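Structure at a glance
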Amino acid sequence: MDLSRITLRPFRLSDADDLLLWAGDDRVTRSIRWKTLASKEEALTFIGEVCIPHPWRRSICVDDLSKGFVSVFPGSGDERCRADIGYALAVEYWGQGITTEALKLAVPQVFKDFPEVLRLQAYAAAENIASQRVLEKAGFLKEGTLRKYSYLKGNLCDLVVYSFLSTDINPSV
Ligand SMILES: CC(C)(COP(=O)(O)OP(=O)(O)OC[C@H]1O[C@@H](n2cnc3c(N)ncnc32)[C@H](O)[C@@H]1OP(=O)(O)O)[C@@H](O)C(=O)NCCC(=O)NCCS
């Protein structure tokens, strides 16, 4: 995969068919909090009511076609210094470095778009080795394991927490 084909952009209603292909796939949604989409109508509603109004959700695109997402949700009040990041990718594109590239594109943009955010953090289920590897390759630091921390699709999980600080972009400055 030529990684210059990977771009991030906001979702559009015209992504509905492409979104349904991957967000309608249980293999993609089982490790995230999204409900698996079942129809084009659900995809259109989801784009219009959830993806477009989201504080920062981008489609991971290959040749401008939606193949996944990266979302960032900034905290508020005393948690305005941090934001949570999440992501997923269509199964047929796994293992080609695409999500790692997407995070490398997303991270500096998020610190620009939310100047008060100094810390990006991600939680990966302890058994989700691919996700942890993505975070490591994108430069996140593993901080530890939160034992029996949260339910994911009905299963109680240990979560591994990772962070990337705004100062990690260019630590020498
Ligand atoms: C996790 C996910 C986003 C990874 O996307 P991707 O584009 O395939 O990731 P990359 O190709 O950039 O990197 C994946 C890395 O994990 C490794 N990997 C994948 N499965 C693995 C496994 N079972 N054991 C060990 N390593 C594994 C790959 O070898 C690769 O590492 P490498 O480059 O050192 O070889 C994708 O699998 C996905 O969408 N999963 C479902 C949703 C999800 O889990 N989201 C994250 C929730 S925290």
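These figures come from a predicted structure and were not determined experimentally.

1. Some thoughts on the site of the ligand
Every one of the 22 residues lining the ligand counts as a neighbour, but Gly95, Thr100, Asn128, Arg133 and Lys137 are closest to it. Here an oxygen atom of the ligand sits 2.8 Å away from a polar atom, N or O, in the main chain of Leu89. For the ligand, an oxygen atom lies 2.6 Å from a polar atom in the side chain of Lys137. Here the ligand is seated within the largest pocket. Looking at the shell around the ligand, the elements that each hand over two or more residues are strand E4 (82-89), helix H4 (98-113), strand E5 (119-125) and helix H5 (129-137). When residues of the shell around the ligand are assigned to their parent elements, the largest contribution, six residues, is made by H5. Partitioned by chemical class, the residues of the shell around the ligand number twelve nonpolar, eight polar and two charged.

2. Focus on the nonpolar core
As a rule of thumb, soluble globular proteins bury nonpolar side chains together. By size, the foremost hydrophobic cluster in this structure holds 46 residues, and its most contacted members are Leu19, Trp22, Val70, Leu103, Leu120 and Phe140. At seven residues, H4 tops the list of elements feeding residues into this core. Beyond its immediate stretch of four places on either side in the chain, Val70 contacts Leu8, Trp56, Arg57, Arg58, Ile60, Ile85, Gly86, Tyr87, Ala102, Leu103 and Ala106.

3. Here's the deal with empty space enclosed by the protein
Within the structure shown, the criterion is met by one cavity of 30 Å³ or more. In terms of lining, the largest cavity is formed by Asp18, Leu21, Trp22, Ser66, Lys67, Ala90 and Glu92. A total of three residues in the lining of the largest cavity trace back to one element, the largest contributor, which is helix H1 (residues 16-23). Of the residues that constitute the lining of the largest cavity, the class distribution is three nonpolar, one polar and three charged.

4. A look at the layout of surface pockets
For the largest pocket, the calculated volume is near 1100 Å³. The wall of the largest pocket is formed by 42 residues, among which Ser31, Ile32, Gly86, Tyr87 and Ser131 lie closest to the centre. The element best represented in the lining of the largest pocket is E4, accounting for six residues. Classifying every residue of the lining of the largest pocket by side-chain character gives 22 nonpolar, 13 polar and seven charged. Here the second largest pocket is characterised by a volume of approximately 160 Å³. Forming the walls of the second largest pocket are Arg30, Ser31, Ala125, Glu127, Asn128, Leu152, Lys153, Asn155 and Cys157. Looking at the lining of the second largest pocket residue by residue, the class counts come to three nonpolar, three polar and three charged.

5. Concerning the environment of Glu143
Of note, Glu143 is situated in strand E6 (residues 141-152). Given a relative accessible area of 42%, Glu143 falls into the partly exposed group. Considered as a pair, Glu143 and Tyr162 are 19 residues apart in the sequence and their alpha carbons are 5.5 Å apart. Among the polar contacts listed, one links the side chain of Glu143 to the side chain of Ser163, at a separation of 2.9 Å.

About the thresholds
The numbering scheme is per chain: residues are counted from 1 as the chain's sequence reads. For this predicted model, a pLDDT threshold of at least 70 governs which residues receive local features, and a threshold of 80 or more governs which side-chain atom pairs are given and counted, while totals over whole chains, interfaces and linings are taken from all residues. Derived side-chain values reflect all non-hydrogen atoms in the structure, with water molecules and hydrogen atoms excluded from consideration. Whether a residue is near a molecule or strand depends on its heavy atoms: if one lies within 4 Å, it is near. Polar contacts here mean pairs of N or O atoms no more than 3.5 Å apart (in protein, one a potential hydrogen donor and the other a potential acceptor; neighbouring residues in sequence count only if both atoms are side-chain atoms). The rule is simple: put a 1 Å grid over the protein atoms alone, call a set of points where a 1.4 Å probe fits but cannot get out a cavity, call an open set with protein on both sides within 12 Å along at least five of seven lines a pocket, and count a residue as lining if it has an atom within 4 Å of a point. What decides whether a molecule sits in a cavity or pocket is whether more than half of its atoms lie within 2 Å of the grid points. Only runs of H or I of at least four residues qualify as helices and only runs of E of at least two qualify as strands under DSSP, and these elements are numbered from the N terminus. Basically, the charged four are Asp, Glu, Lys and Arg, the nonpolar ten are Ala, Val, Leu, Ile, Met, Phe, Trp, Tyr, Cys and Pro, and anything else, Gly included, counts as polar. The set of buried Ala, Val, Leu, Ile, Met, Phe, Trp, Tyr and Cys residues whose side-chain atoms join them within 4.5 Å is what this entry labels a nonpolar core. Think of it in three bands: with a 1.4 Å probe and only protein chains considered, a residue is buried below 20% of the maximum accessible area for its type, exposed above 50%, and partly exposed in between. Contact between two residues is taken to exist if any of their heavy atoms lie within 4.5 Å; hydrogens are not considered. Grid points are joined across faces, edges and corners, and a volume is the space filled by probe spheres set on the points.

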